[in-house]
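Remarks on the overall topology
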Amino acid sequence: MSSQKSVTIDQQGSALLSNPLLNKDTAFSEQERTTYGLRGLLPFQIETLDDQAKRAYQQFSSYEKAIDRHIYLRELQDRNETLFFRLVSDHLEEMLPIIYTPTVGEACQTFSHIYRGSRGLFIAYPDQDNIDTILANVDQDDVSVIVVTDGERILGLGDLGAGGMGIPIGKLGLYTACGGIDPAKTLPITLDVGTNNQDLLNDATYIGWHHERIRGEEYYNFVERFVAAVMKRWPNVLLQFEDFAQINALPLLQKYRDRLCCFNDDIQGTAVVALGTLYSACKARQVQLRDQRIIFVGAGSAGCGIAEQIVAAMQEDGLSEQEARGRIFMIDRNGLVTDDMKDIPDFQKKLAQPTTTVASWNLTAKSALSTIVEHVKPTILIGVSGQAGLFNEDVITTMYRHCPTPLVMPLSNPTSRIEAVPADILKWTQGNALVATGSPFEPVNIDGTSYPIAQCNNAYIFPGIGLGIIAAQAHRVTDSMLMAAARALSDCSPVAQSGKGAVLPSFKDIKEVSLRIAEAVAQQAVEEGVTEGRDSTPLKERLEAHFWTPAYACYG
Ligand SMILES: NC(=O)C1=CN([C@@H]2O[C@H](COP(=O)(O)OP(=O)(O)OC[C@H]3O[C@@H](n4cnc5c(N)ncnc54)[C@H](O)[C@@H]3O)[C@@H](O)[C@H]2O)C=CC1
Ligand SMILES: CC(=O)C(=O)O
Ligand SMILES: [Mg+2]
């Protein structure tokens, strides 16, 4: 959308002012105020988007607490989306931690208390016979991206029920702010299938369905009805599954990935950003991916998703599948995952270490993490457990004793759930570790040297994937498209290019990074033939044409 563009609209007066996608507030011109019945409904002075953005920034800055800033931005988004995205674009690094992790975690935890008004769709289980009607109630006929959650595993904070809605809203904010997806084409959805969070059920102000979670066949039938209704209403939409609990995340992905254009961000988006980080660190250290030994702490959706992506990448790098799997060690609640363990989920089985390999280590479920580190001698340590503090001094110094340049990635979100803070990791490794975290951290200063901390978060990936899919009119998200995204991200890494700086690019450059990822994803989709239509416009032009930037249109 550019400031010159003229569009016709069919709303006026107070209805126009209360439509956040069309509202310009004090920036409505003389002519528009006359044509659309706005005279007197606005102060006399006509302002520009610049003027409005300056005032909004002052208002934002007047709040001290992050959660109050979050509430302010959410209210602004619900009032005037153009101004909201202009403000966020102008102050991206400052505002991402407010609209996304870590503050969005607190916003989900307190969702019913800070609730000001509805955004997106809440599809509650008791409404299961009305899903078509609910989708018909949305007046956006052209929805390109949906982010859906059922609120059961919100970041590392667990079951937050309907309060999980903060996550689809935040993720879609990033689709627009980082990936240029037109906000009019995005839709956050929460499937409210109850909650097992007793505090929420006991809370009279809880905004969701007061009922324990629906499970099993009833749950899967409900999701099926939802997906079928989405495919009928918006057949070309990209559906992103977000923050589903481990029991449902992979089964839903496996059920739907060949039926519509969808992906699971926690499994696949995280796998891509993590692999991109590993590629970059390897380039910087001038070592090969196939030679790395990797420990995961947390063998859940994210952990096993990343591990499988690394297995595939190591095979591309010349190893057999068995050799690749032999270099990856998964640790979960009951210790190192081994092939003699009963009752482990299927997705862990392929990543289990043969007992013969580790028999001489005499491990038990209670063995300390540092003991396993001592045996494995990893070069890379990845935390996706949602448990704060697991990477203690003993663990990191043991790793460092065997590897002078370790890559340490405590990826759990929000900040309160991180496995170790970067300042400690760098102190325990005398500044020699490369560190990438899930939530944002300031650079760490040790003896006058500043160490930048990369934020290894799937936020680097999904906006670019979305833009690439829309531009290429892709109808599937394939493994090769994900691999292409990881390579494109690593091509943007400062440390990989120059040996200096962070392992991932700054979020300041996220729009360029998203465009690079989008181009790689779109190109791969075209090559694989998973695209609709025969648009002969070069991909780059298509990507730029789809990239929405916050500017007011003229209403003619
Ligand atoms: N940085 C990023 O982009 C992303 C970060 N994450 C974070 O990763 C964490 C996990 O997410 P998911 O894998 O989806 O959850 P999940 O629930 O599927 O997996 C967590 C796993 O950690 C295990 N675990 C719990 N306590 C443990 C302990 N003391 N030692 C070893 N393992 C333990 C659990 O048994 C479970 O298998 C969350 O905090 C989430 O915020 C997830 C996706 C993306
Ligand atoms: C970043 C993300 O998707 C998560 O922590 O769940
Ligand atoms: Mg997530």
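Residue indices begin from 1 for each chain and proceed along its sequence in written order. Numbering of ligands from 1 and lettering of chains from A proceed in the order in which they are written. Reporting in this predicted model follows two pLDDT cut-offs: at least 70 for local features of residues, and 80 or more for side-chain atom pairs to be given and counted; totals over whole chains, interfaces and linings ignore these cut-offs and use all residues. No hydrogens and no water enter the side-chain calculation; it runs on all heavy atoms of the structure.

As a reminder of what qualifies: UniProt positions are given in the numbering used here, feature names are shortened, and annotations may be inferred rather than shown by experiment.
An unreviewed UniProt entry lists the protein under the name malate dehydrogenase (oxaloacetate-decarboxylating), with Zymobacter palmae as the source organism. Check the Sequence similarities (unreviewed entry) section of the UniProt entry for the protein; it says "Belongs to the malic enzymes family."

1. Quick notes on the sheet that holds strand E5 (residues 238-241)
The strands making up a sheet are joined through hydrogen bonds of the backbone, oriented either antiparallel or parallel. Formally: Any two strands between which DSSP finds at least two bridges are classified as paired. Here a helix means four or more residues in a row that DSSP labels H or I, a strand means two or more in a row labelled E, and each is numbered from the N terminus. Note on method: axes are straight lines fitted to C-alpha atoms, helices fitted across the in-contact stretch only, with angles between N-to-C directions ranging 0 to 180 degrees. Contact definition: two residues touch when any of their heavy atoms are within 4.5 Å.
Pairing is parallel in the open sheet, where 5 strands are placed in the order E2-E4-E3-E5-E6. Two strands close off the open sheet at either side, each with one partner strand: strand E2 (121-124) and strand E6 (262-264). Adjacent strand axes in the sheet meet at a mean angle of 20° when their direction is disregarded. With 4 bridges joining them, E2 and strand E4 (residues 186-192) adopt parallel strand pairing. Bridge pairing in E4 links Ile123 to Leu191. This element, helix H12 (residues 216-233), spans E2, strand E3 (145-149), E4 and E5 of the sheet and lies at about 160° to E4.

2. Focus on the packing of helix H14 (residues 265-285) against helix H15 (residues 301-316)
Angle between the axes and distance between the axes: these two values describe a pair of packed helices. Operational definition: Note on terminology: angles under 35 degrees are roughly parallel, angles over 145 are roughly antiparallel, angles of 65 to 115 are roughly perpendicular, and the others are oblique. Left-handed is the label given to a crossing in which the near helix is rotated counterclockwise from the far helix by less than a right angle, and right-handed is the label when the rotation is clockwise.
Running from N to C, H14 and H15 cross one another at 50°; their axes reach a closest spacing of 8 Å. Compared by their axis directions, H14 and H15 come out oblique. At the point where H14 passes H15, the crossing takes the right-handed sense. Every residue of H15 that contacts H14 at Asp266, Ile267, Thr270, Ala271, Ala274, Leu275, Leu278 and Tyr279 is listed here: Ser301, Ala302, Gly305, Ile306, Gln309, Ile310, Ala313 and Glu316.

3. Description of the site of ligand 2
How we decide: One heavy atom within 4 Å of a molecule or strand is enough for the residue carrying it to be called near that molecule or strand. By the criterion applied in these results, polar contacts are pairs of N or O atoms within 3.5 Å in which, for protein atoms, one can donate a hydrogen and the other can accept it, and in which residues neighboring in sequence qualify only through two side-chain atoms. Here the open area of atoms and residues is found with the Shrake-Rupley method and a 1.4 Å probe, where only the protein chains shown may cover a residue.
In the vicinity of ligand 2, the contacting residues are Tyr100, Arg153, Leu155, Lys171, Glu242, Asp243, Asp265, Asp266, Asn413, Asn457 and Asn458. At 3.0 Å from an oxygen atom of ligand 2 is found a side-chain nitrogen or oxygen belonging to Glu242. Between ligand 2 and Asp266 there is a distance of 3.0 Å, counted from an oxygen atom to a side-chain nitrogen or oxygen. A total of 220 Å² of accessible area belongs to ligand 2 in isolation, and the protein chains cover 91% of it.

4. Here's the deal with the confidence of the model for the protein
Applicable threshold: You can read pLDDT as the predictor saying how much it trusts each residue, on a scale of 0 to 100.
Overall, the predicted model of the protein reaches an average pLDDT of 96, with 99% of residues at or above 70. In the model output, the complex is listed with pTM 0.97 alongside ipTM 0.99.

5. Details of the coordination of the magnesium ion (ligand 3)
Ideal geometry at a metal centre gives angles of 109.5 degrees when four donors are arranged tetrahedrally and 90 or 180 degrees when six donors are arranged octahedrally. What counts here: Note on donors: an N, O or S atom is included if it sits within 2.8 Å of the metal, or within 3.2 Å for Na, K and Ca, and water is never included, so sites can look incomplete. Burial classes follow relative accessibility: with a 1.4 Å probe on protein chains only, a residue under 20% of its type's maximum area counts as buried, one over 50% as exposed, and anything between as partly exposed.
On the protein side, the magnesium ion (ligand 3) has Glu242 (OE), Asp243 (OD) and Asp266 (OD) as donor atoms, found 2.0 Å from it. Counting the intervening residues between successive donors of the magnesium ion (ligand 3) yields the motif E-D-x22-D. Note on accessibility: Glu242 and Asp243 belong to one class, buried.

6. Thoughts on the nonpolar core
Inclusion rule: Here, the term nonpolar core denotes a set of buried Ala, Val, Leu, Ile, Met, Phe, Trp, Tyr and Cys residues that are joined through side-chain atoms within 4.5 Å.
Membership of the largest hydrophobic core comes to 107 residues, with the highest contact counts inside it found for Phe296, Ile382 and Met409. The contact partners of Met409, leaving out residues within four places of it in the chain, are Ala274, Thr277, Leu278, Ile380, Leu381, Ile382, Gly383, Phe391, Ala436 and Cys456. The next biggest cluster of nonpolar side chains, apart from the first, holds 34 residues, and it includes Leu187, Leu191, Ile214 and Leu239.

7. Considering the environment of Val530
Looking at where Val530 falls in the secondary structure, it is placed in the loop between helix H25 (510-528) and helix H26 (539-546). The class of Val530 is buried, set by a relative accessible area of 11%. Expressed as a C-alpha distance, the spacing of Val530 and Cys262, which sit 268 residues apart in the sequence, is 13 Å.

8. Some remarks on unusual backbone geometry
Keep in mind that most residues, glycine aside, have a negative phi and that most peptide bonds are trans. Along the chain, Thr101 connects to Pro102 via a cis peptide bond; the corresponding omega equals 10°. As for its placement among the helices and strands, Pro102 is situated in the loop between helix H6 (92-99) and helix H7 (103-109). Across the junction of Asn413 and Pro414, the peptide omega takes the value -15°, indicating a cis bond.

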